[in-house]
Amino acid sequence: MLQIDCPWCGPRDETEFSYGGEAHIVRPSDPDATSDEAWADYLFMRTNPRGRHAEQWCHAHGCRRWFNVVRDTVSYRIEAVYRIGGQGPGGSHDPA
Amino acid sequence: MTQPRRLPQGGRIDRSRELAFSFNGRPLQGYAGDTLAAALLANDVRLVARSFKYHRPRGIVGAGAEEPNALLQLGGGGHTLPHQRATQVELYAGLEAVSVNGWPSLEFDLMAINSRLAGLLPAGFYYKTFMWPQRFWGRYEHQIRRAAGLGRAPMEADPDRYDKTHVHCDVLIAGGGPAGLAAALAAGRSGARVILADEQAEFGGGLLGSREQLDGRPATDWVKAAVAELRGLPEVRMLPRSTVFGYYDHNLLTIAERVTDHLPPGISAGPRQRLWRVRAGRVVIAAGAIERPLVFGNNDRPGVMQASAVSTYLNRYAVAPGRAAAVFTNNDSAYRSALDLLDAGVEVAAVVDVRLRVDGELPARVRAAGIAVHSGYALVDVQGGKRVEGARLMALDSDGRGFSSAYPVGLRCDLIAMSGGWSPAVHLHSQSGGKPRFDETLAAFVPGTSCQAEVSVGAARGCFDLSGCLQEGFEAGAAAARAQGFEARPGAPMPAAVIIAQAPMMPMWRVPSWRGVKGPKQFVDFQNDTSAADIALAAREGYRSVEHVKRYTALGFGTDQGKLGNINGMAILAETLGQDIPSTGTTTFRPPYTPVSIGTLVGRTVGDLFDPLRKTAIHEWHVEHGAEFENVGQWKRPWYYPRQGESLDQAVYRECLAARRTVGVMDASTLGKIDVRGPDAAEFLNRVYTNGWTKLGVGRCRYGLMLGEDGMVMDDGVTARLADDHYYMTTTTGGAAHVMGWLERWLQTEWPDLKVYLTSVTDQWATVAVVGPQSRGVLAALCQDIDFAAEAFPFMAFREGTVAGVAARVFRISFSGELSYEINVPADYGRHVWEAVMAAGAAFDITPYGTESMHVLRAEKGFIIVGQDTDGSVTPDDLGMSWILAKNKDYLGRRSLLRPDSVRTDRKQMVGLKTLQPGFVLPEGAQLVDDPDAAKPVPMLGHVTSSYHSPCLGRSIALALIRNGRQRHGDVVYAPLSDGRIVRAEICDPVFYDPEGARQNV
Ligand SMILES: [Zn+2]
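Values in this document were obtained by computation on a predicted structure and should not be read as measured data. (Residues numbered from 1 in each chain as written. Chains lettered and ligands numbered in written order. Predicted model: local features only at pLDDT ≥ 70, side-chain atom pairs only at ≥ 80, totals over all residues. Heavy atoms only, no water.)

Asker: Got a minute to help me understand the coordination of the zinc ion in this structure?
Answerer: Around a metal, the ideal angle is 109.5 degrees if four donors adopt a tetrahedral arrangement and 90 or 180 degrees if six donors adopt an octahedral arrangement. All names here are of chain A. Within the protein, the atoms that donate to the zinc ion are C6 (SG), C9 (SG), H59 (ND1) and C63 (SG), at distances of 2.0 to 2.3 Å. Each donor residue of the zinc ion lies on one chain, and together they are spaced C-x2-C-x49-H-x3-C. Taken together, the residues span a long stretch of sequence, with C6 in strand β1 (residues 3–6) and C63 in the loop between β4 (52–58) and β5 (66–72) at a distance of 57 residues. Accessibility expressed as a relative area gives 2% for C6, which makes it buried. We classify C63 as partly exposed; its relative accessible area is 27%. (Donors = N, O, S within 2.8 Å, 3.2 Å for Na, K, Ca; no water. Helix = DSSP H or I, 4+ residues; strand = E, 2+ residues; numbered from the N terminus. Buried < 20%, exposed > 50% of the residue type's maximum accessible area, 1.4 Å probe, protein only.)

Asker: Sorry if this is basic, but what is going on with helix α11 (residues 466–483) of chain B here?
Answerer: Residues and elements named next belong to chain B. Across its 18 residues, α11 extends 26 Å between first and last C-alpha, which sits within 8% of the 26 Å expected from 1.5 Å per residue. L466, S467, G468, C469, L470, E472, G473, A476, G477, A478, A480 and A481 are the residues of α11 that are buried. Buried positions along α11 lie against β8 (162–174), α5 (178–189), β10 (213–214), α6 (219–231), β15 (273–285) and β28 (454–456). G485 occupies a position one or two residues after α11 and carries a positive phi of about 95°. (Expected span 1.5 Å × (residues − 1). Contact = heavy atoms within 4.5 Å.)

Asker: Help me understand the sheet that holds strand β40 (residues 797–803) of chain B in this model?
Answerer: All names here are of chain B. Ordered in space as β40-β41-β42-β39-β33-β43, the six strands form an open sheet in which the pairing is mixed. Two strands bound the open sheet, and with one partner strand each, they are β40 and β43 (847–848). As defined by bridge partners, strand β33 (residues 664–667) adjoins β43 across two bridges and the pair is classed as parallel. From the neighbouring strand, V665 faces β43, where its bridge partner is P848. (Pairing = 2+ DSSP bridges.)

Asker: Please explain the sheet that holds strand β36 (residues 713–723) of chain B as it appears in this structure.
Answerer: Residue and element names in this part refer to chain B. One open sheet accounts for five strands, arranged β35-β36-β37-β34-β38; its pairing is antiparallel. The outermost strands of the open sheet, each flanked by one partner alone, are β35 (701–707) and β38 (757–760). Taking the axes of each pair of neighbouring strands and ignoring which way they run, one obtains an average angle of 25° across the sheet. Sheet topology note: the β35/β36 ladder contains seven bridges and is antiparallel. By the bridge assignment for β36, M706 is matched with D715. Along the sheet, helix α19 (residues 681–688) makes contact with β34 (672–677), β35, β36, β37 (726–731) and β38, crossing β37 at roughly 30°. Set on the sheet, helix α20 (residues 736–750) makes contact with β34, β35, β36, β37 and β38; between it and β38 the angle comes to about 165°. (Axes fitted to C-alpha atoms, helices over the stretch in contact; angles between N-to-C directions.)

Asker: Mind showing me how you'd approach the environment of B:I962 here?
Answerer: Residues and elements named next belong to chain B. Along the polypeptide, I962 turns up in strand β47 (residues 955–963). Sequence separation between I962 and D906 is 56 residues, and the spatial gap between their C-alpha atoms is 9.2 Å. Filtering out sequence-adjacent residues up to four positions away, I962 remains in contact with R907, K908, Q909, V911, L913, L928, L941, V973 and I987.

Asker: Help me understand the packing of α5(B) against α6(B) in this model?
Answerer: When two helices pack together, their arrangement is given by the angle between the helix axes and the distance between those axes. Residue and element names in this part refer to chain B. At a minimum axis separation of 10 Å, α5 and α6 run at an interaxial angle of 30°. Crossing geometry of α5 relative to α6 is assigned as left-handed. From α5, P178, L181, A182, A184, L185 and R189 reach across to α6, where they touch W222, V223, A226, V227, E229 and L230. Taken together, the residues of the contact of α5 with α6 break down into 10 nonpolar, no polar and two charged. (Left-handed = near helix turned anticlockwise from the far one by under 90°. Nonpolar A, V, L, I, M, F, W, Y, C, P; charged D, E, K, R; others polar.)

Asker: Quick question: what am I supposed to make of the state of the cysteines here?
Answerer: A covalent bond between the sulfur atoms of two cysteines is referred to as a disulfide. Residues and elements named next belong to chain B. Summed over all chains, the structure comprises zero disulfides over all chains. Here C169 is not disulfide-linked; the sulfur of C451 is the nearest cysteine sulfur, at 20 Å. Taking relative accessible area as the criterion, C169 reaches 4% and is therefore assigned buried. With no disulfide of its own, C701 has C783 as its nearest cysteine by sulfur position, at a separation of 15 Å. (Disulfide = S-S within 2.5 Å.)

Asker: Explanation requested: the nonpolar core in the structure shown.
Answerer: Within soluble globular proteins, side chains that are nonpolar generally end up buried alongside one another. Residues and elements named next belong to chain B. With 58 residues, the main nonpolar core has F23, L36, L40, I60, L95, Y313 and L341 as its most contacted residues. Considering every element that reaches this core, the biggest residue donor is helix α1 (residues 36–42), with seven residues. The residues contacting Y313, other than those within four sequence positions of it, are A37, A38, L41, I60, G62, A63, T87, M305, A318, V319 and P321. Listed in part, the 36 residues of the second largest apolar core include A183, V194, L466 and A497. (Core = buried A, V, L, I, M, F, W, Y, C linked by side-chain atoms within 4.5 Å.)

Asker: Got a minute to help me understand the side chain of B:N251 in this structure?
Answerer: Residues and elements named next belong to chain B. Within the secondary structure layout, N251 lies in the loop between β13 (242–248) and β14 (252–258). Only 3.3 Å separates the side chain of N251 from the backbone oxygen of A453, close enough to count as a polar contact. Each residue touching N251, except ones within four places of it in the same chain, is listed here: V278, R279, A280, G281, R282, V283, Q452 and A453. (Polar contact = N/O pair within 3.5 Å; in protein donor to acceptor, adjacent residues only side chain to side chain.)

Asker: Sorry, what's going on with the interface of chain A and chain B here?
Answerer: Many descriptions give the size of an interface as the accessible area lost when the pieces come together. Listed by partner, the interface residues are 25 residues for chain A and 28 residues for chain B. Between chain A and chain B, roughly 2,400 Å² of surface is buried when both sides are summed, and carbon and sulfur atoms account for 42% of that area. Broken down residue by residue, the surface that chain A buries against chain B is led by A:M1, A:R27 and A:W66, which jointly contribute 27%. At the junction of chain A and chain B, the tally comes to six salt bridges. One salt bridge in this structure joins A:D13 and B:R279, with 2.6 Å as the shortest N-O distance. Our count for the contact surface shared by chain A and chain B stands at 18 residue pairs in polar contact (both at pLDDT 80 or more). When residues of the side of chain A that touches chain B are assigned to their parent elements, the largest contribution, six residues, is made by helix α1 (residues 36–44) of chain A. Among the residues making up the side of chain A that touches chain B, the classes are represented as 13 nonpolar, five polar and seven charged. (Buried area = accessible area lost by both parts, 1.4 Å probe. Salt bridge = Lys/Arg side-chain N within 4 Å of Asp/Glu carboxyl O.)

Asker: Quick question: what am I supposed to make of the pattern of salt bridges here?
Answerer: Close approach of charged atoms allows side chains of opposite charge to pair. The full count for this structure, using the stated rule, is 57 salt bridges over all chains. Residues A:R52 and A:E79 are paired through a salt bridge, measuring 2.9 Å at the closest nitrogen-oxygen approach. Separated by 27 residues along the polypeptide, A:R52 in strand β4 and A:E79 in strand β6 (residues 78–83) bring together distant segments of the chain. In this structure A:E79 comes out as partly exposed when scored by relative accessible area, which is 38%. The shortest N-O distance in the salt bridge between B:R46 and B:D414 comes to 3.6 Å. Of this pair, B:R46 sits in the loop between α1 and β3 (49–50) while B:D414 is found in the loop between β23 (409–411) and β24 (415–419), placing the two residues 368 residues apart along the sequence. In terms of burial, B:R46 and B:D414 fall into one category: buried. Within this structure, A:R27, A:D32, B:E709, B:D890 and B:R894 form a network of salt bridges that share partners.

Printed below as a string of structure tokens:
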């Protein structure tokens, strides 16, 4: 069971959190101008890396805040935790 | 004579406390301090089990967690425990143990015929024989399970209590032998929070069964002093009888503490076991090492034991497991056992050592004591059936692959102490993600690079001298504490052991078979009856990966996870394939280290505590008035209120007609409720609902449909505008938590610029729905400050006022199609207001109704229930609800409604169904087809989503999703049922009752 360092509450057990999948998915700003393919890509397609993965977590049984985590999918080591809108390692960030 | 094999003196047993116990019904005596295995051996019980596959007689091999044979069923009734290792069961008065294998009895086992049929039961015999033809497997399996004897699960509920404890610590030390105790002293003295867990009842590990000296005194004196010092340190927690069995992510470890298992059942002294979940800053693994067996002919006969186990029984329990022993070894450590045997007065027939040159210090002492040492020899066979009666040895050739003598020589003995070298207990290291590496000198896997904050010390790292163990443990404990921010503090130095140099061991994975394939079986995995020949056969049949060979031969698949056999088996595979061990692979160890009772994992989460139960504020009234309940998520909701002798159908008939003709009342408190507030609240609703919210006036309500981003219907409900910046949203009962999370996520992650605050208020409000033509009269009688006239309080409006003296929000909305009001009051007043409604409604014969009638009333109106009539693949248009899709704004899911699949014209659409036989109610879920006689596979049109008998229509009604259904009103479709009947039904509009909606607008 992971231990996740909630940016608002500090380290807590994984059972307090819910997982939100890949982070930094950008919702097309003008859906009508988005092709079916691009919309399907936004809806369904996610990376599945071996190694570093930016993902969203929610402290569902705590402060209920969503935030970003960079986790290694092999070692499960958590390399970074940063708030929505914040800057992650390697410059990953949420859309402005 | 009782306890014939008990030595006259010595041991750590309490001879003043004799304990009576039984084995297979035979009364026996032991002493306090014995394990069950020690007590059995003291009584000269050799045969304790029959093997898994061949039903060969088996005896005790080890003295600890690695024991593969002595797996016994303890106790009876709901308290019984199957498959317990006798070597780890503490003896208590009245203990009843029975063998789990052997039919009809252990001594006379008919299944031992399998042993004669061994040629028919080769490796992979399950796959080869019993899996084909597959339809017979069910018949075989029953017989095989009985033959295999895996113990009996109790039929009664477990009467015992189990606990869980969650803790954090700075340093967790797994194992309380010399290295673990030293680590605990160093870490504990620094002030760090330390947990020291050991699977045995006493701390000291291997020292308890040895005659080692420290600083010139018995090592157990030092153990006693160390334990006393540790008990005095306030931040050190000592957990005896506690197995660290799992190592998980981020340094979470689990410990099974056997709190009262060592006491007779019925003594109430706390929970039976306790599961510790420990989040440790640092972990020191001091789990020791396991002595490997040697693989030779008939090496499974009762009386063939680990040399270290023989020493433990002699030194710790004062039990001599035999009268005349042979020692068979490939290393120096077994010579200690020879000396232990000799000093205990047991005859040592010989030491047989596969090494050609044997010149270490321990062998020299053995020779000096007058014991014959046969170097360059190996045991090739064991004589005897239910107990060892002798052994045969042969001289090995120079490379150990064959023999230099033609015939074996006999040796008289009834006990064989074997040692094939030592395997560090790398289990926890492996579980933590570490990859053990093969050490050629030790011929063993040792811990590799750490992936988590853990370090192995002492024998668990491959260090086998006592001084080294103490030093390593002490340094690791201090380092772990320092890493956690605690500086070392002075204390007594570690004591010194007498250092005896040990000569290198010689790997001997398998003694050559002296009669080739006709030779006796050489067992590798005792618990699973896997022999060296089985592994060689697997290799010949093309298996190369150790993981495949394990599955094919069952090597390591017993409850012991191959603690004794895995390394030997892997090495034999490597030899057969002509490659080295590291390239053959290692095995990955998984939790648990030793088996854990299900009750321990479950703890108190059973029965009523399995899942939270939610009850509304009015729940007790429903109970008092005879309601039957149904579970809706975690909620208990009144299902129907049967009067004397009424069936479900009769009660629903009465309840529905009351709501249609006079007035009914329903507890709607379970609906999800979300308080939406902030200057951007209207914009927020615009984005999450398909329809527009900007123009909704204060005091008005609106129905809303929520979609996922994929355009599929996710939830629905009515939202009221309380003020310009304040809305009160309702959701489905089952969807409340999901919708709350969904809305929060969009606000936090995508729209942080919106000033909107969400609060779940589901539990804060009780909701009483007053439904029917007379509802206005009931409300008017209860509330003076709201004008209930139709024009003053129109449909889809909301008013604040005082109902039965309580401040209330009253919504004029309808889920039944009737005139109706939903009274929302603070939950604490829920029952008061409900009772006031019942009193005021008495004049109209007000009728409480439950969820079943609610379903019928809404289905008559064609109102959907999200999750029943939809399944995550249904768009608003599929439901005929395109009218609720705004054209002039974006909302979640809108773009997906334009995807090619969403605009297909032949999608399944919501329709009504009327069976041609009006009394027949279709089962929900029934599939619908155009032609029941069509060739298979019959094309499916869709299925029935809701189906009821409608009291006010006097016939059955159903809702269904049918391909292109809206264009097919009037068509007849067929529902082939599972009982063979085929029911005809006509497609119709889904609104069966009052299609103009006149009744709710009065
Ligand atoms: Zn938090």
